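An overview of the molecular structure
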Amino acid sequence: MIERPDPASPPPPPPLAPPIGRVVATEQKPATPHQFHFWTANETSIGIGAIVRVEEPGNGKGETGKVVYGVVTDGFAYSDLATPLHDVVGAEGDPAKAAERPTVRQEIRLWTAAVLRQTPEEPLQPVPLGQVHVATDVDVAQALRMDAYLGGAQPTAIPVGLYTSGGLEAPVYVDADFLLGPEAAHLNISGVSGLATKTSAVEFLLSSIFQHFPPHKGRVAAVCFNVKGPDLCFLDRPGTLDDEDRRRYQRLGVAPEPFQQVRYFAPFKADGVNLNTLRTHPDLVGDVEPLVWGLREVLDYAEVLLNRDDIDAKADAFIDFLADRVVDKEFEDGFGGVHRVVTFADLERLFRSIFDGLELAGRGGGDSWRTHHIATMRKVRNRLANISTRCKGLVTDDGPSNDLPWGRFTDRTVYVVDVANVDPLGQDLVFARVVSQLRERLERRDLGVEAVVVFVDELNKYAPADGPETYVKKMLLDISERGRYLGLVLFGAEQFRSQVHRRVVGNAGTVVFGRMDADELATPGYQVLSPATKIKLATLPIGELMVRHPHFTQPIFVRFPRPAVLRGRDGVERYPPTADLPFEDAVARQLVKLDRRVRPNQVKDVIADRREEDVRRALAHTRQTRPHDALAHFKKQLGGRVAAAPAAARESVPPLNAISDEPY
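The present account deals with the structure reproduced in this document. The structure presented is a predicted model; accordingly, all values stated were derived computationally and were not measured.

The next point concerns the overall build of the chain. When you go through the chain residue by residue, the secondary structure sums to 23 helices and 22 strands. Since a compact globule built from 664 residues should have a radius of gyration of about 26 Å, the 34 Å found for the chain marks it as more spread out than a globular shape. Principal-axis analysis of the C-alpha atoms gives the chain an extent of 125 × 70 × 55 Å. Taking all 664 residues of the chain together, the buried fraction comes to 49%. Sequence separation of at least 24 residues holds for 74% of the intrachain contacts in the chain that already meet a minimum separation of 6. Surface accessibility of the chain: about 33,000 Å² in total, with carbon and sulfur atoms responsible for 52%. Counting 80 positive and 90 negative side-chain charges, the chain places the centres of these two groups 3 Å from one another.

Here you go:
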């Protein structure tokens, strides 16, 4: 008969592995509450970044002593030599004779470790002179305080990578409350370009968030700005993974699959029909939606677009007047004309009417209209016209806009806004408007999700430590300081952390470092790291990161698997972008995307001999309306064809007299 264990009694502790070292304290190197030293054998597997456990011997009464967890930050090797001169003299100046010595000098390995956690935490005392063990999975969770959010009724753990040191491989989790709010928020990633530290880490982390975000915290989405090349253009396509990557995914509890819900947005090129993106392969371009804005969208963010050295308070007042009193309203110009300004073309007609009216009324003497000086109005007119010219394709002169699905964001969806090939002025406009809309709708709780991750690369460019106070920089500062209360989380990446605004990086609750440049590590911001940690940071292999998190009292090195999505440069090779289509073919392709029943030849027949601006306007209206019969709606928007005047009806002109002396 097998005896069943008593459920009330705790399970016996697992047998302890033999110790690998012992804490040592000297007058020169004492043990403190935050740091200690220990020695090991020369054949130890301990290295920089390894987590260890120190056990104080019990008091013999059944009570266990203090347990201290630490992470190795530095290492030293000693021998019994007082100075290097003794070794040189002993070998008679010949390094080859040093190996012929009858006895080998004893080498001592001494390690320095920073304290991660002490249990019990009170009273806080120096580290005891106990045995040192390699940390187990349970020890890693205890040392990094992950036990606070790994268990319980509502766990908030999100896998971030694998701790691999000392022969151990243990999952490392971050707390969703401290990554996405409300306790703390934001993530910042630094690292040199091209070594799989920034974009790849964000792709893996977003996949982990989507799969492990706690249900009780609501719905989450991500908005990613693609600012260089094809980095984020293939998130819905599976990448190549080896067996080691799949094993790591299984160990972390993350499914190795691409994002299931991805929506792409990109502005048009200058022709207004070909999309300005590298995702133009015939198999993929159908998933890209155009991003087109009109007068209303642009005027609300005129501060982003206009040169602050050239636009003064008077011009600001006139722009506010246009936004509040003119746009989208019936407006009398004071000279007998009634206008409804909806597009840039309508605004241009209003300006012409005002200028003509002032000239006729004053015969050159009229210089003010509704308290606004004519010079101010001409300046604003020229600047607004410049916007539609520089951002052609993103900003439309005439026609409806096409925007992100505000109010209809869906759970676990990535919204990619591709502005890699857009003019810097247009990029600033896209950043400012999209993020401002996210903030306003999260405040009103009508976005569709409770939390949004905004990924912005190249923070050195958009939020530099020095330089002018641009609208985009102020917007990023506002997100980093107030976003966590709203559920607006900034994931920022840059090559040089020291050159990003201190308040942007300082408000990031979680900080990730990839391989760092030696010059960057020499800046004051890295003085808290030990020399050995800096050396490891400067030589990190691809796929290894150093993570700082509010629950971790010291930085921890982790490995993350290769993202399960297709990399940008591999995607361009597999799905090469196509050349720009002719105007008729590009229009036909967009109508076919709206209605599979449309035939390209039908579209070409309809738009033959039509003005391109009329075709673009009809196409934009059809795209915005999305009717059941796209071709019929498109024909209706184009209107009836104007017949050409017959030749017989024209007045005949007599031929010139060839003998005339008139030279002209």
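Before going further, it helps to spend a moment on the side chain of H281. The topology assignment puts H281 in the loop between strand 11 (262-266) and strand 12 (288-290). A relative accessible area of 15% means that H281 is categorised as buried. Sequence-distant contacts of H281, that is, excluding residues within four places in its chain, are made with Y575, P576, P577 and T578.

Bringing the environment of G509 into the picture now. Its location among the elements puts G509 in the loop between helix 16 (502-506) and strand 20 (510-513). Among the residues examined, G509 registers a relative accessible area of 18% and is labelled buried. Separated by 321 residues in sequence, G509 and N188 place their C-alpha atoms 8.3 Å apart. Not counting the four nearest positions on each side in its chain, G509 is found in contact with A185, H186, R548, H549 and P550.

Our focus in this paragraph is helix 21 (residues 600-607). Along helix 21, the residues that are buried comprise V603, V606 and I607. Projected down its long axis, helix 21 carries its buried residues within an arc of 85°, all on one side. In helix 21, the exposed positions that point more than 90 degrees away from the buried face belong to N601 and D605. Buried residues along helix 21 sit against helix 20 (583-594), helix 22 (612-625) and helix 23 (630-638). Following helix 21 by one or two positions, D609 adopts a phi angle in the positive range, close to 65°.

Moving on, we get to the pattern of salt bridges. On inspection of all chains with the given rule, the structure shows 44 salt bridges. Between K228 and D457 there is a salt bridge whose closest N-O contact spans 3.5 Å. Here the residue K228 occupies a position in the loop between strand 10 (220-226) and helix 7 (243-252), and D457 occupies one in the loop between strand 18 (451-456) and helix 14 (459-462), the gap between them amounting to 229 residues. On the basis of relative accessibility, which here comes to 27%, the residue K228 falls in the partly exposed class. Of the charged contacts, one joins R279 and D236 as a salt bridge, the two residues approaching to 2.9 Å between their closest N and O atoms. Residue R279 is located in the loop between strand 11 and strand 12, and its partner D236 is located in the loop between strand 10 and helix 7; the two are separated by 43 residues in the primary sequence. By relative accessible area, R279 is classed as buried at 0%.

So, on to the environment of T197. Among the secondary structure elements, T197 is positioned in the loop between strand 9 (187-190) and helix 6 (199-212). Residue classification places T197 among the buried positions, given a relative accessible area of 3%. Through-space distance from the C-alpha of T197 to that of L540 is 9.9 Å; in sequence the pair is 343 residues apart. Ignoring any residue separated from it by four or fewer positions in sequence, one finds T197 in contact with I189, G191, V192, G514, R515 and L545.

Overall, the coordinates contain 17 aromatic pairs when judged by the stated rule. With 5.9 Å between their ring centres and 65° between their planes, F204 and Y249 make a pair best called edge-to-face. Taken together, the positions of F204 in helix 6 and Y249 in helix 7 put the pair 45 residues apart, joining distant regions of the chain. Just as F204 is buried, Y249 falls in that class too. On the numbers, 5.8 Å between centres and 80° between planes, the contact of F210 with F259 is edge-to-face. You can see F210 sitting in helix 6 and its partner F259 sitting in the loop between helix 7 and strand 11, a full 49 residues away along the chain. For F259, a relative accessible area of 8% translates into the label buried. An aromatic cluster of three or more residues is present, and its members are F318, F321, F331, F351, F355 and W369.

So, how was this worked out
- Residues numbered from 1 in each chain as written.
- Predicted model: local features only at pLDDT ≥ 70, side-chain atom pairs only at ≥ 80, totals over all residues.
- Heavy atoms only, no water.
- Helix = DSSP H or I, 4+ residues; strand = E, 2+ residues; numbered from the N terminus.
- Rg over C-alpha atoms; globule rule 2.2 N^0.38 Å.
- Buried < 20%, exposed > 50% of the residue type's maximum accessible area, 1.4 Å probe, protein only.
- Contact = heavy atoms within 4.5 Å.
- Areas by Shrake-Rupley, 256 points an atom, 1.4 Å probe, with all protein chains shown as cover.
- Lys, Arg positive; Asp, Glu negative; His and termini not counted.
- Charge placed at Lys NZ, Arg CZ, Asp CG, Glu CD.
- Arc of directions from axis to C-beta.
- Salt bridge = Lys/Arg side-chain N within 4 Å of Asp/Glu carboxyl O.
- Phe/Tyr/Trp six-rings, centres within 6.5 Å; stacked < 30°, edge-to-face > 60°.

Just distances and angles here, no functional claims.
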